[in-house]
Each structure stands twice: as C-alpha cells, then as structure tokens.
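Here's the letter readout for the chains.
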Amino acid sequence: MSHTAADTEPAQPPPADDHAFFGQPRGLMTLSGLEVWERFSFLGMQAILVLYFADTVAHGGMGMEAGTAASVSAAYGTLVYLVSVAGGWLADRILGSYRAVLYGGILIACGHYAMAVPTDAMTWVGLGLISAGTGLLKPNVATMVGKLYRTDDERRDAGFALYYMGINIGAFLGPLITGWLGDHASWHWGFSAAAFGMTLGLIQYVAGRRHLAGRKHAAEYSLAPGPMRRAVLLIAVGAVVVAAVATALALAGWLTMDRFVDVLTLISVIAPVVYFVVMFRSPRVTPEERGRLRPYVVLFLASVVFNFILFQAYSTMMLLASTNARTEIFGFHFPASWYASALGAFEVLLAPVVAAVWARMGPRQPHASNKIAIGVILGGLSFLLMVLPTSGHASDTYKMAAWWIVGSYLLLGLGDILLETSGMSATTKLAPKAFASQTMALWFLSLALANGIQAQIVKLYGEVSNPAYFGVNGAVAVAAGVAVIAAAPWLKRTMHPVH
C-alpha cells in the first residue's frame, strides 16, 4: 500500500467497530490474530529449541549439556526482550507503532526461515533475526491494544484478557505442530512450521489494518528531520560495529558462549535500572506521571519473579519432561515438547473465564496489584508442586506420571493470565505519554531480566537435586507474591487511575 493511500485513510477505526468483537473493539481481533500466529511461531520454536540444543549431533541436534542448553535458550530469550527497548524507541520516534509491528513480523518470519536451513550457522542467524523482529513487534502490538480503549474504560482488563487468550491459542497450537515435526521428521522441519505461521500472521495483520486505532506512518513523538537522519545513521553504523567486534572477539576465542550469556545477563540487569532513571528524570514526564512510576517498579519486580518461573516451562521443565516424565496419557503417546501445549491450552480455556469474571465484577474486582500478587504466588506453587514427584528416588531413571507436569502448568497458566493481563493493562495506564511504547518495552525488560537471571540459575539444573532446585525457586516466588500483597495499601493509593 502506498504512503499516499495510507494517509487518506481515517486515523481511527469506524465507530461501528467499538463493540464489534464480543463487546470489544474490532481492532482487538486483528491484533489478537497477529499474536496467535506470532506466538505459534515463537513458542512453537521455543518448545523444541532447548531439546534441539541438547540432542546429539547424530540425531540432528547441537550436542549441548542439559544445563548449557537451558542457559543458552534463556540467553536467547534475554536478547529477544532486551531488543524491545530499541523497538519501543523506534516506534515512538521514527516508525510509528503500525510499521514497527509490520517490520518486526517480517524479520521474525525471515529468522524462522533461516532456522529451517539445517546448519549451525543459520540457526544463529535465525535467532538473531527473530530477536530483532520480536523486539520491534512485542512492545508495540501491546501498546496498540491499549490505544483501542479510553483510560477509564472498564472493558480494558477484559480486552487484554481476550488478547492474551489469542496469544495462548498460538502458544497451544505451536508446540503441537513443531513438536510433532521435530519428533517425526527433523528439528528444522519444526522451525519451518514456525516460519509458515508467522507469514500467515503478517497477512491477516495487513488485511485488518483499517480497524486499528492510531495507525499512522509518522511516529507520535517523531524526531525532527535532522536528528532523525543522524539517529538512523547512528543505528546502522552501531549495528555494523557491534556485529564486527562480536565476530572478531568470537574468532579470537574471547567471546565464548558462556561469556556471551554472562554479558547478556549483565545488560539485562543494567538496562532497566538505566531506563527507570531516564524516565524519572525526563523533563517530558509530569510530576503526576512520575508519581505513578514508583508503584510500577514494584509491578516490574513482581513480573521478574513470576516470569523467571514461567520461562522455565520451556527450558528446565522441557528437559525434565524429556527425561523423567511419561509421554503418554490414556495410552496415547506424544512428543515431550507437547507438554508446552498444556500451558497454552489452560490459558486458552481460562482466559475467557477470567475476562468474564472481571467484566461481571466491574468496579468490585480485585485491585491490579492483588491480581499480580496472586499470579506470582501461583507461579511459585507450580514449582513447589514438582518437589513431590521428584523426591525419594534412588536414581535419575524414574518416570513421573504426566499429570504432575500438567498440574504444574495449570497453576502456572492461571498465574500467567492474572499477572500478564493485569500487568500489561496497568502498564498502558501508568505509562508517561512521551514514553508510551517505551514504557511497554520496559515491561518487556522485566522479561529480559527474568531470562537473564534464569540463564545463570539454570546452570544449577542437574548439579543440585531436582527437589532442591524446584523447591527453593518456588518458595522464593511465593514469598515475593506475599510481599506484593503486603504492599497493597500503598500501591492502591499511588496507582491511580489503575483499579
């Protein structure tokens, strides 16, 4: 579509769209549809990534030790969400949300197609492209959902719950397809299915663009022409320099995989600290907005704790399922990677229930901070549950019943719905106007930090006993959730207009 044609389109969707999708704006269906296929590709690939890393070279894998495979997989997740900072800034200052999401989707699709090529080099190229694309897409598509609603619209949390249900339809379907292909054909056939899914997502996103609020070619807080040219040049030169230095250090033997993981963890700690400081000190942030950022720090830390547990559903839990869980239910045999689909299935089933409950309760529903706290506690309980089936075994050859992992994912899925929908909704309400997309990127930095911490902690997997590993991590998460509940009175006072 040409630039001129796009400019003649109305900036807002038709008035009839406002209640066209289950009482929600019609644009929610377009954005949820995009996320169905983006999550299909991303989580479908991630469900088999750690197994691909840990599989033997003879079977088409990369031959890594289990702890190393989990650590590298977590480091990849760290990189994905670190790049979201650049994605938010590019949307706010240069591209605009619509184009940032479009270009991000294209990069993701190209990355999955690269991973379909059965060479180690193309695997790393593909992961790099997916990291860049997801950084552009994820923070900005969630911001576009927020733009469909007024700040005081009570449908907002219910809308985010439906949006999250769309995410988890993809999370359910992706591992089923990629896992079956990885088990019956090859890992790279699984990556090919992820590429196909992202391509479908892009097609429906472009086709439904007229239903999206605030779509513009220009960014909302666009740089002036001169600074924009300098910014684009600096970004291009910086990318080339970083790639050249990293390549040189790798060839010289200094930038090993372990050091790369450590560097990403360090950046994941520093980046959110710097970002909070910049927003607190920015002259474009009003005193009222600055006051709402303080409780957001608590929500940020709660997200870190919960997602540290959640992301291990695709690393240590996958490894545990592949070695110590039965892969059959009622006589039906399935690939170990299908356990990841249980998480998506529970969220698909529970998200509309949660949305209906919040909509029915209206202003009587729990405060967002309490929803988030309960989510963190449920995440911790999902790990504590795993202490039972992993305890009391004389060797590591035992096989637990499938229902243990399914039960753990049930707790984790409900916690994810409560925390992520409330967290993303609260973020769009608490965000300073001048940092709208970037504040959503800051929420995703909590995911980067969770992955960065995970990249270090999972190195202990296999080194300590499984009951100790899951028990200690689960107990820390439960304690963190209780702490957020204890801070609820202060959070309620300072988080207006969040309810």
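## With respect to the overall build of the protein
Helix and strand counts for the protein come out as 18 helices and 2 strands. In terms of C-alpha radius of gyration, the protein reaches 22 Å, essentially the compact-globule figure of 23 Å for 499 residues. Over its C-alpha atoms, taken along the principal directions, the protein stretches across nearly 65 × 55 × 40 Å. By the burial criterion, 55% of the 499 residues in the protein qualify as buried. Accessible surface for the protein amounts to roughly 20,000 Å². Of this, 70% is attributable to carbon and sulfur atoms. When the 31 positive and 26 negative side-chain charges of the protein are each reduced to one mean point, those points stand 11 Å apart.

## Focus on the pattern of salt bridges
Under the criterion given, the structure shown has 4 salt bridges. Glutamate 38 serves as the salt-bridge partner of arginine 39, at 2.6 Å between the closest nitrogen and oxygen. Each member of the pair arginine 39 and glutamate 38 is classed as buried. Lysine 459 serves as the salt-bridge partner of aspartate 262, at 3.4 Å between the closest nitrogen and oxygen. One end of the pair, aspartate 262, is in helix α9 (residues 257–281); the other, lysine 459, is in the loop between α16 (436–457) and α17 (466–486), with 197 residues separating them in the sequence.

## A short note on unusual backbone geometry
What you tend to see is this: most non-glycine residues have negative phi, and most peptide bonds are trans. In this structure, phenylalanine 330 is a non-glycine residue whose phi angle is positive, near 55 degrees. Structurally, phenylalanine 330 can be placed in the loop between β1 (328–329) and β2 (332–333). By relative accessible area, phenylalanine 330 is classed as exposed at 82%.

## Points about the confidence of the model for the protein
Scored by pLDDT, the protein comes out at a mean of 85, with 91% of its residues at no less than 70. When mean pLDDT is compared element by element in the protein, α17 scores highest at 96, while helix α1 (residues 3–8) scores lowest at 41.

## So, the packing of aromatic side chains
Applying the stated rule across the entire model yields 17 aromatic pairs. Residues tyrosine 52 and phenylalanine 53 carry aromatic rings whose centres are separated by 6.0 Å and whose planes lie at 35 degrees to one another, so their mutual orientation is tilted. A residue is classified by how much of its surface remains accessible, and tyrosine 52, at 1% relative accessible area, is buried. Here the aromatic cluster, defined as three or more aromatic residues joined through ring pairs, consists of Tyr52, Phe53, Trp124 and Phe191.

## Digging into empty space enclosed by the protein
Tallying each qualifying case throughout the model produces 2 cavities of 30 Å³ or more. Roughly 280 Å³ of volume is contained in the largest cavity. Taken together, 24 residues line the largest cavity, and the ones lying closest to its centre are Arg39, Tyr81, Tyr164, Leu310 and Phe311. Breaking the lining of the largest cavity down by element, the ones donating at least two residues are α2 (27–54), α3 (66–95), α6 (156–184), α10 (287–310), α12 (339–361), α15 (402–430) and α16.

## As for the packing of α2 against α3
The contact between α2 and α3 brings their axes to 8 Å, and the two run at 150 degrees. On the basis of their axis angle, the class for α2 and α3 is roughly antiparallel. Considering the relative orientation of α2 and α3, their crossing is right-handed. Counted together, Arg39, Phe42, Met45, Gln46, Leu49, Val50, Phe53 and Ala54 of α2 and Ala69, Ala70, Val72, Ser73, Tyr76, Val80 and Tyr81 of α3 form the full contact between these two elements.

What counts, and at which threshold
- Residues numbered from 1 in each chain as written.
- Predicted model: local features only at pLDDT ≥ 70, side-chain atom pairs only at ≥ 80, totals over all residues.
- Heavy atoms only, no water.
- Helix = DSSP H or I, 4+ residues; strand = E, 2+ residues; numbered from the N terminus.
- Rg over C-alpha atoms; globule rule 2.2 N^0.38 Å.
- Buried < 20%, exposed > 50% of the residue type's maximum accessible area, 1.4 Å probe, protein only.
- Areas by Shrake-Rupley, 256 points an atom, 1.4 Å probe, with all protein chains shown as cover.
- Lys, Arg positive; Asp, Glu negative; His and termini not counted.
- Charge placed at Lys NZ, Arg CZ, Asp CG, Glu CD.
- Salt bridge = Lys/Arg side-chain N within 4 Å of Asp/Glu carboxyl O.
- pLDDT = per-residue confidence, 0-100.
- Phe/Tyr/Trp six-rings, centres within 6.5 Å; stacked < 30°, edge-to-face > 60°.
- 1 Å grid on protein atoms, 1.4 Å probe; cavity = no way out; pocket = protein on both sides within 12 Å on 5 of 7 lines; lining within 4 Å.
- Points joined across faces, edges and corners; volume = space filled by probe spheres on them.
- Axes fitted to C-alpha atoms, helices over the stretch in contact; angles between N-to-C directions.
- Parallel < 35°, antiparallel > 145°, perpendicular 65-115°, else oblique.
- Left-handed = near helix turned anticlockwise from the far one by under 90°.
- Contact = heavy atoms within 4.5 Å.

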